[in-house]
Amino acid sequence: MSFMLALGETEIPDGDPISIWMGTGAALAMALLLLLLAVAVMRRPPGVIKSTMEEKANEDVKADFQVFDVGMKVYAYAAFDQTYHVADVIERKTDGGETSYYVHYVDYNKRLDEWVPAEKVQQYTSGVAPPSHCRSPGVVGPVGTGGELLTPGSDRKLTRNLKRRYDEIHHVPKAVEELNPIDQTLEKEHEEKTKVKNIQVIEMGRWEVDTWYYSPYPDEYARESKLYICQFCLKYMKKKKTLLRHRAKCTLRHPPGDEIYRHQKGVCGTAQERPLSIFEVDGKKNKVYCQNLCLIAKLFLDHKTLYYDVDPFLFYILTEYDEQGYHIVGYFSKEKHSSEDYNLACILTLPPYQRKGYGRFLIAFSYELSKKEGRVGTPERPLSDLGQVSFRSYWTRVLLDILKEHRGNLSIKDLSTMTAIRSDDVVSTLQSLNLIKYWKGQYIISVTPKIIEEHLKNMSSQPYPEIDPATLHWTPLVNRKQ
Ligand SMILES: [Zn+2]
């Protein structure tokens, strides 16, 4: 099985918290609808030719947009930076005379795939520069249903979003290319099946969150563009009124399972506002809860194969506490019995809670569990783009902190034992920092205090909650009485 990670802890040089979810107020939506209508009646330059019978039937409604078929390359006007990019047409739909295209921007993360209205899609010709954004009708407000809502006056938001997205895009390796041929084939099949995002928005607790990816909800739910989710039991519903009825009778106020860790507000001088708790939930005992959790997680994870077979896993749910209850902010799952040192299968911080150090907190927690087990651990591969960055950042910080304090010789094995980080990960991290040499068949760590200081200076100064192992109340599964 392969699992992927999305943490949203990508380093931003200025450490500025940037969230990529956005609420969609009714007024905003209405304004954008009007804008789209205005855009739709604008005429395009002449010389555009129709290509299929289907659209001929619609000629009365929209006579002058060229039609593109699935698989064609086009220029599409992207919500993430308000310019045209080369894109592949993945799907086409016509609703009430309005045609739109689901496109994938070539060389960009699939997260940015979106529905683009026909008037923002243009013919692609190799070697010809893309249309400049000022030639686009309605420059101010492109609305891809998969993208963000951007309005005039939201420049600041746009800039910050862009910055984060560009950082993500430019810092990450392409996961598929790192896979072996069999995994690549599986991965491609998965891609084929999940090309078009189904659910666009979820409402959960006080958040309305734009989703990122396809998730395999049952068909009758997958047809909805918005789902309503009970934030405590994670049940999903199609109608707001169903959720309201459900809330009146749902008694759950925390994840089912045992609270194994509690972290009081303000501990270690962090920026975290509320007390945190971690609950352990058994996939076998609370199957529906864990399945619902995996379905939500998939909305924000590109590659993942676990949805329904949750029995072999334990789930560690991170919550923020307030007077209403324990609100889920993220989780990771862990195989009950791993033969390959895996200590983490899948990890997610929900978008409204990203950039608060919670991804790092969950990663650190997974290693605390490994220390209690007296084993080393490593996350399942392949790692997602965000997962890769988050783990690398965690390993780097932990190893540098030890090397900074330690006097005398340290071997890779020593570092691995002290941190529960698997030796391979220790080596690859030190290699990426250029702190290790391979000499006569063995690795030699070669550092000076000055070099360590330099590296530490380059690391994010974002505060994060630090785990206190003394308050972890947990017995490894193998030591529990059945
Ligand atoms: Zn509920």
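Scroll up to find the structure.
Here's what I pulled together on the structure shown here. (Residues numbered from 1 in each chain as written. Predicted model: local features only at pLDDT ≥ 70, side-chain atom pairs only at ≥ 80, totals over all residues.)

Here we look at the overall build of the protein chain
Turning to step 1, where the next piece is worked out: Along its length, the protein chain carries twelve helices and 19 strands.
Turning to step 2, where the next piece is worked out: A buried classification covers 36% of the 482 residues belonging to the protein chain. (Helix = DSSP H or I, 4+ residues; strand = E, 2+ residues; numbered from the N terminus. Buried ≥ 20, exposed ≤ 12 C-beta atoms within 10 Å, placed from the backbone.)

Section: the environment of N409
Turning to step 1, where the next piece is worked out: Within the secondary structure, N409 is located in the loop between α9 (385-405) and α10 (412-419).
Turning to step 2, where the next piece is worked out: When the 8 C-beta atoms within 10 Å are taken as the criterion, N409 is described as exposed.
Turning to step 3, where the next piece is worked out: Separated by 36 residues in sequence, N409 and I445 have C-alpha atoms that sit 8.7 Å apart.

Section: the sheet that holds strand β10 (residues 236-237)
Turning to step 1, where the next piece is worked out: Reading across from one edge, β8-β7-β9-β10 is the order of the four strands in this open sheet, with mixed pairing throughout. Each having just a single partner strand, β8 (207-210) and β10 make up the two edges of the open sheet.
Turning to step 2, where the next piece is worked out: Strand direction decides the pairing type here: strand β9 (residues 226-229) and β10, joined by two bridges, are antiparallel. By the bridge assignment for β10, Y228 is matched with M237. (Pairing = 2+ DSSP bridges.)

Observations concerning the packing of helix α8 (residues 358-373) against α9
Turning to step 1, where the next piece is worked out: Interaxial distance between α8 and α9 falls to 10 Å at its minimum, and their mutual angle equals 65 degrees. When you trace α8 past α9, the crossing you get is right-handed. When α8 is examined against α9, the residues G359, R360, I363 and A364 are found in contact with a partner set consisting of S390, F391 and Y394.
Turning to step 2, where the next piece is worked out: Its residues placed into classes, the contact of α8 with α9 shows four nonpolar, two polar and one charged. (Axes fitted to C-alpha atoms, helices over the stretch in contact; angles between N-to-C directions. Left-handed = near helix turned anticlockwise from the far one by under 90°. Contact = placed C-beta atoms within 7 Å. Nonpolar A, V, L, I, M, F, W, Y, C, P; charged D, E, K, R; others polar.)

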